[in-house]
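# Residue-level structural notes
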Amino acid sequence: MRFKPLTGFRDFYPAEMVIRRGIEAAWHRAAQNAGFEEFDGPVLESFELFAAKSGEEIAGQLYTFTDKGDRQVAMRPEMTPTLARMVGARANGLPKPIKWYCVPQFFRYERPQRGRGREFYQWNVDVIGSADPASDAEVISVAVDALKALGLTADDIVVRLNDRRFLSRMLKTLDVDEATEPEVLASIDKLERDPAAVKKLEERLGSKRAEKILSWCERFPIDEADELKPVLEACEDFGLGAFVEADFRIVRGLAYYTGPVWEIFDRARSLRAIAGGGRYDELIKSLGGPDLPAIGFGMGDVVLTELLRDKGKLPEDPGRVDVFVIPVGDEMRGPARRVITQLRARSLRADGPNAAIKLGKALKLAAQSGATRAVIVGPDEWSNTQVKLRDLNSGDESVVNVEEIERS
Ligand code: HAM
């Protein structure tokens, strides 16, 4: 019997790993450049944590089971409830604002499609203990910094910003009561993906009010949107003017958001959201922790990889090694091993054949390894404790001491 990965799960062969690590490197760098510290939590949590805090959609997608101690547990589908739990437990001892990030793997039982799997990596960047709109803008800027580092520009991506408080206030002007609001918000959230959403709005609110909402979606009522202005202004200071646009359709599916909410999309709108986030000022308190405001976002690797592939901007393979060390003849195999050991000790990525092979074959292996240079260990040079350094692109050769070989 032959086994395949489960539907929605991925194998990462080295070529895919290069892409994932390239993306992750940009994530780590952007977060660290902005002073965020890395953290992590458990892959498995109590079922209730997510069932209660993630909102209906994610709760319905949980990978969940009863463990041998009869506890109902769930594989993590997102980080925010875990983060809120961890911060809540130690909040008093942590200097504020808390600026934390992580790059965990998540599991959601979704219908696999382009940009959606049942397993994915998601970069999370969160600030806890700041109610200032500048912090909302700061996390947006960190998200954009990583995308820029990966080669994307304001022509490729857009940050679509809205505010839950603004949405509520505007719906109140249409006499949408509190009980009806979640349903209406859910329809607005689905307007772009689900043709039935317009119909639902019309059924629930009548065609006049539905039309008004649709017109706000087409043309954002910016003059009335006082709630958004401080974040938009701070975004300008962070140099995000070309990236950020106010958009009435951004609601976010998750239940815990309380203020500004935003998502990043490709401009061509051929893909689902690359990232999504917002302010969740009540979550930590609702988990029994202190009353601390919080904001953050999650950016997944799946959609981002698709976009980078479409744009021809996938992270490049840095090759397996810097130098490939080749012994000339059997008696040079020992010296070649010593050269390799010396290079590795100096943090050069070095490899070479352990078996006796001909020079021509060894040079072929050198080219396959991704090395830009070969070190040829021959008896003549070695008698002066030197080696031949060959540029594998130009074919140029020089005789050097091993210590002279630098990282390229
Ligand atoms: P989310 O909108 O559920 O937010 O996910 C954020 C991003 O994760 C999405 O935009 C998408 O790129 C990626 N993603 C989500 N589900 C999948 C999937 N099944 N397959 C591939 N990629 C996926 C959250 O998770 C919030 N906890 C983010 C957050 C952090 N809010 C505040 N802090």
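Residues numbered from 1 in each chain as written. Predicted model: local features only at pLDDT ≥ 70, side-chain atom pairs only at ≥ 80, totals over all residues. Heavy atoms only, no water.

Relative to the assigned elements, E78 resides in the loop between β4 (72–75) and α4 (80–90). Buried and unpaired, E78 has no salt bridge, with R108 as the nearest side chain of opposite charge at 5.1 Å. Side chain to side chain, E78 and T80 meet in a polar contact 3.4 Å long. A distance of 2.5 Å separates the side chain of E78 from the side chain of Y256, its partner in a polar contact. Aside from chain neighbours lying at most four places away, what touches E78 is F50, S54, I58, F106, R108, L254 and Y256. (Helix = DSSP H or I, 4+ residues; strand = E, 2+ residues; numbered from the N terminus. Buried < 20%, exposed > 50% of the residue type's maximum accessible area, 1.4 Å probe, protein only. Lys, Arg positive; Asp, Glu negative; His and termini not counted. Salt bridge = Lys/Arg side-chain N within 4 Å of Asp/Glu carboxyl O. Polar contact = N/O pair within 3.5 Å; in protein donor to acceptor, adjacent residues only side chain to side chain. Contact = heavy atoms within 4.5 Å.)

To continue, consider the pattern of salt bridges. According to the stated counting rule, one finds 37 salt bridges in the structure shown. A salt bridge links R10 to D301, with the shortest nitrogen-to-oxygen separation between them at 3.0 Å. Here D301 lies in helix α12 (residues 301–310) and R10 lies in the segment before α1 (14–33), a separation of 291 residues in the sequence. The shortest N-O distance in the salt bridge between K285 and D291 comes to 3.9 Å. On the basis of relative accessibility, which here comes to 39%, the residue K285 falls in the partly exposed class. A network of salt bridges, in which partner residues are shared, links R160, E192, D247, R249 and R269.

We now examine the domain arrangement of the protein chain. Here the protein chain is described as being made up of domain 1 (14–41 + 79–310) and domain 2 (323–404). Taking the mean C-alpha position of each, domain 1 and domain 2 sit 51 Å from one another. (Domains from an automatic or database assignment.)

This brings us to helix α6 (residues 164–173). Those residues of α6 lying buried are R164, F166, L167, S168, M170 and L171. Buried residues along α6 sit against β8 (157–163), α7 (181–190), α9 (207–218) and β10 (260–266). Following α6 by one or two positions, D175 adopts a phi angle in the positive range, close to 60°.

Here α6 crosses α7 at 110°, and the two axes come no closer than 11 Å. Considering the angle they form, α6 stands roughly perpendicular to α7. When the axes of α6 and α7 are compared, the crossing they make is right-handed. In contact with L167, S168 and L171 of α6, α7 contributes E181, V184, L185 and I188. (Axes fitted to C-alpha atoms, helices over the stretch in contact; angles between N-to-C directions. Parallel < 35°, antiparallel > 145°, perpendicular 65-115°, else oblique. Left-handed = near helix turned anticlockwise from the far one by under 90°.)

With that out of the way, let us pick up the pairing of β4. Direction of pairing for strand β2 (residues 44–46) relative to β4: antiparallel, over a ladder of three bridges. Looking at the pairing, L44 lines up with M75 of β4. (Pairing = 2+ DSSP bridges.)

We now examine unusual backbone geometry. With an omega dihedral of -10°, the bond running from K96 to P97 counts as a cis peptide bond. Counting through the fold element by element, P97 comes out in the loop between α4 and β5 (98–102). For D175, which is not glycine, the phi dihedral falls at a positive 60°. Tracing the sequence through the fold places D175 in the loop between α6 and α7. Residues other than glycine seldom take positive phi values, yet R269 does so here, at roughly 55°. Turning to its location among the elements, R269 is positioned in the loop between β10 and β11 (275–279). R269 sits in the partly exposed class, given a relative accessible area of 33%.

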